[in-house]
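Okay, here's what each chain looks like letter by letter:
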Amino acid sequence: MKELENELYECKILVERALDKFLPDENLYPSEIFKAMRYSVFAGGKRLRPILVMKSAELFGLEKEKVLPTACGIEMIHTYSLIHDDLPCMDNDDFRRGKPTCHKMFGEAIALLAGDALLTHAFYVIAKNKDVEGIKENAVLDVIAKISKASGPLGMVSGQVVDILSEGVNIDEKTLYFMDVKKTAELIKVSLWAGARLAGADEKDLIKIETYGEKIGIMFQIIDDILDTNGDEKIIGKPVGSDIKNDKNTFVKMFGIEQSKLLANKLAKEAKEVLVEFKNKEFFMMLIDYLLNRSH
Ligand code: GRG
């Protein structure tokens, strides 16, 4: 596990340096928006999605530094979704990543705009990947199309819509899976797919890496649901019980903690099976157990 943690740390440093380079300077006019964007991006975060982009590119033979524009763009999209998710009209949360939420610091209007700004700026940055030596323009176009689909109304937004509309309502298992695949797994899946596509992976491998992404994506959300019930507030960076407060539909609500853990373990096993024939798969194998046993 030490080896995996070192690798995660090394990638995180690369991502954070690149994010600093790709985000507009906060002294630009009007500085309030740039300050709010930077505040939320640098409030913390595991940088899981950009790391997946980089390691997936590496798995298929491309240096991980070459996909940093795409990796950073996806982290910007992820941060936008967190800012909007925390707004009073959504989950109305005061803390995120261990700090006051964007709207608590900058007010609702600027927080809404900071989310919008990160979402749009993300595609400006992702498009820059075409200027990196060895990257094909067609691959960048495919990546832009796929990321916009995964984060838009056919992806993450529809998951969020079901999440909001089903508050206080009993939904069935199929709807719970739909919601979590869209809300959480889509961005994780597309991170892996994008790294692989930029590295020139073939269709068969693209499908496999996406399947792995779907399994770990749902597993990630199940663990998120469990941590919201029994996690350590100081470690997760926000108060526990916010799902209960908002009467959310979660795996814990539907199946209880023990059954949810079993489901997460089953997905972990299935994810390992997907990559069994891959060479150099050690990072992705270790990552499954790391995410399964995570405390934040
Ligand atoms: C369109 C107005 C509008 C809002 C959209 C799409 C959306 C808002 C929100 C996405 C839903 C969402 C926040 C899903 C949760 C996914 C999840 C488990 C987030 C936490 O991810 P981590 O643990 O966070 O990787 P860090 O802080 O480590 O980056």
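Procedures and definitions
Residues numbered from 1 in each chain as written. Predicted model: local features only at pLDDT ≥ 70, side-chain atom pairs only at ≥ 80, totals over all residues. Heavy atoms only, no water. Helix = DSSP H or I, 4+ residues; strand = E, 2+ residues; numbered from the N terminus. Rg over C-alpha atoms; globule rule 2.2 N^0.38 Å. Buried < 20%, exposed > 50% of the residue type's maximum accessible area, 1.4 Å probe, protein only. Contact = heavy atoms within 4.5 Å. Areas by Shrake-Rupley, 256 points an atom, 1.4 Å probe, with all protein chains shown as cover. Salt bridge = Lys/Arg side-chain N within 4 Å of Asp/Glu carboxyl O. Near = heavy atom within 4 Å. Polar contact = N/O pair within 3.5 Å; in protein donor to acceptor, adjacent residues only side chain to side chain. 1 Å grid on protein atoms, 1.4 Å probe; cavity = no way out; pocket = protein on both sides within 12 Å on 5 of 7 lines; lining within 4 Å. Points joined across faces, edges and corners; volume = space filled by probe spheres on them. Nonpolar A, V, L, I, M, F, W, Y, C, P; charged D, E, K, R; others polar. Axes fitted to C-alpha atoms, helices over the stretch in contact; angles between N-to-C directions. Parallel < 35°, antiparallel > 145°, perpendicular 65-115°, else oblique. Left-handed = near helix turned anticlockwise from the far one by under 90°. Phe/Tyr/Trp six-rings, centres within 6.5 Å; stacked < 30°, edge-to-face > 60°. Lys NZ or Arg CZ within 6 Å of the ring centre and 35° of its normal.

Student: It is not clear to me how the overall build of the protein chain should be interpreted in this structure. Could you clarify?
Tutor: When helices and strands are counted, the protein chain shows 14 helices and two strands. In terms of overall size, the protein chain behaves like a compact globule, its C-alpha atoms giving a radius of gyration of 18 Å where 296 residues would be expected to give roughly 19 Å. C-alpha extents for the protein chain along the principal axes are approximately 50 × 50 × 35 Å. The buried share among the 296 residues of the protein chain stands at 54%. Expressed as a percentage of contacts within the protein chain between residues at least 6 apart in sequence, the contacts between residues at least 24 apart total 74%. As presented, the protein chain carries roughly 13600 Å² of accessible surface, and 55% of it is formed by carbon and sulfur atoms.

Student: Please clarify how the pattern of salt bridges should be interpreted in this entry.
Tutor: Between side chains of opposite charge, pairing is possible as soon as their charged atoms come close. On inspection of all chains with the given rule, the structure shows 34 salt bridges. Note that Asp 86 is salt-bridged to Arg 96, the shortest N-O span being 2.8 Å. You can see Asp 86 sitting in helix α4 (residues 68–86) and its partner Arg 96 sitting in strand β1 (residues 95–96), a full 10 residues away along the chain. Neither residue differs from the other here; Asp 86 and Arg 96 are each classed as buried. Among the salt bridges present, the one from Glu 214 reaches Lys 189, with a minimum N-O distance of 2.9 Å. In this pair, Glu 214 sits in helix α10 (residues 203–230) while Lys 189 sits in helix α9 (residues 173–198), placing the two residues 25 residues apart along the sequence. Exposure remark for Glu 214: the relative accessible area of 27% places this residue in the partly exposed category. Look at the salt bridges and you will find they share partners, linking Asp 91, Asp 163, Glu 167, Asp 180, Lys 183 and Lys 248 into a network.

Student: Even after reading the chapter, I still don't get the site of the ligand, so can you show me in this structure?
Tutor: Lys 46, Arg 49, His 78, Arg 97 and Gln 160 are the nearest of the 18 residues found near the ligand. A distance of 2.6 Å separates an oxygen atom of the ligand from a polar atom in the side chain of Lys 46. Between the ligand and His 78 there is a distance of 2.7 Å, counted from an oxygen atom to a side-chain nitrogen or oxygen. In the complex, the protein chains occlude 87% of the 750 Å² of accessible area that the ligand would expose alone. Only α4, α8 (156–165), α9 and α10 provide two or more residues apiece to the shell around the ligand. Here the element with the most residues in the shell around the ligand is α4; it accounts for six residues.

Student: Would you mind going over the layout of surface pockets with me for this structure?
Tutor: Regions of empty space are outlined by a rolling probe, equal in size to a water molecule, passed over the atoms. Empty space within the second largest pocket amounts to approximately 170 Å³. What lines the second largest pocket is simply Glu 3, Leu 4, Glu 7, Lys 55, Glu 58, Leu 59, Asn 280, Glu 282, Phe 283, Phe 284 and Met 286. Of all the elements, helix α14 (residues 282–292) adds the most residues to the lining of the second largest pocket, at four residues. Along the lines of polarity and charge, the residues of the lining of the second largest pocket split into five nonpolar, one polar and five charged.

Student: Before we go on, may I ask you to explain the packing of α4 against α9 in this structure?
Tutor: Packed helix pairs are characterised by how far apart their axes lie and by the angle those axes make with each other. The contact between α4 and α9 brings their axes to 10 Å, and the two run at 165 degrees. Of the possible angle classes, the one that applies to α4 and α9 is roughly antiparallel. For the crossing formed where α4 meets α9, the hand is right-handed. Residue-level inspection shows Thr 70, Ile 74, Ile 77 and His 78 of α4 in contact with α9, the latter providing Leu 187, Val 190, Ser 191, Ala 194 and Leu 198. A per-class count over the contact of α4 with α9 returns six nonpolar, three polar and no charged.

Student: It is not clear to me how the packing of aromatic side chains should be interpreted in this structure. Could you clarify?
Tutor: For the coordinates displayed, the defined rule picks out six aromatic pairs. Relative to Phe 278, the ring of Phe 60 has its centre 5.9 Å away and its plane inclined at 80 degrees; by these criteria the two rings are edge-to-face. Remark: Phe 278 occurs in the loop between α13 (251–274) and α14 and Phe 60 occurs in the loop between α3 (48–59) and α4; sequence separation between them is 218 residues. According to the relative accessible area criterion, Phe 278 is buried, its value standing at 10%. Here the guanidinium or amino end of Lys 55 rests over the ring plane of Phe 283, the centre of that ring lying 4.9 Å away. For Lys 146, the ring lying beneath its charged end belongs to Trp 193, and the centroid distance is 4.7 Å.

Student: So what exactly am I meant to see when it comes to the environment of Met 90 here?
Tutor: Within the element layout of this structure, Met 90 appears in the loop between α4 and β1. Overall, the relative accessible area of 29% leaves Met 90 in the partly exposed class. The sequence separation of Met 90 and Asp 163 amounts to 73 residues, and the corresponding C-alpha distance is 9.7 Å. When neighbours within four sequence positions are excluded, Met 90 is seen to be in contact with His 84, Asp 85, Gln 160 and Ile 164.

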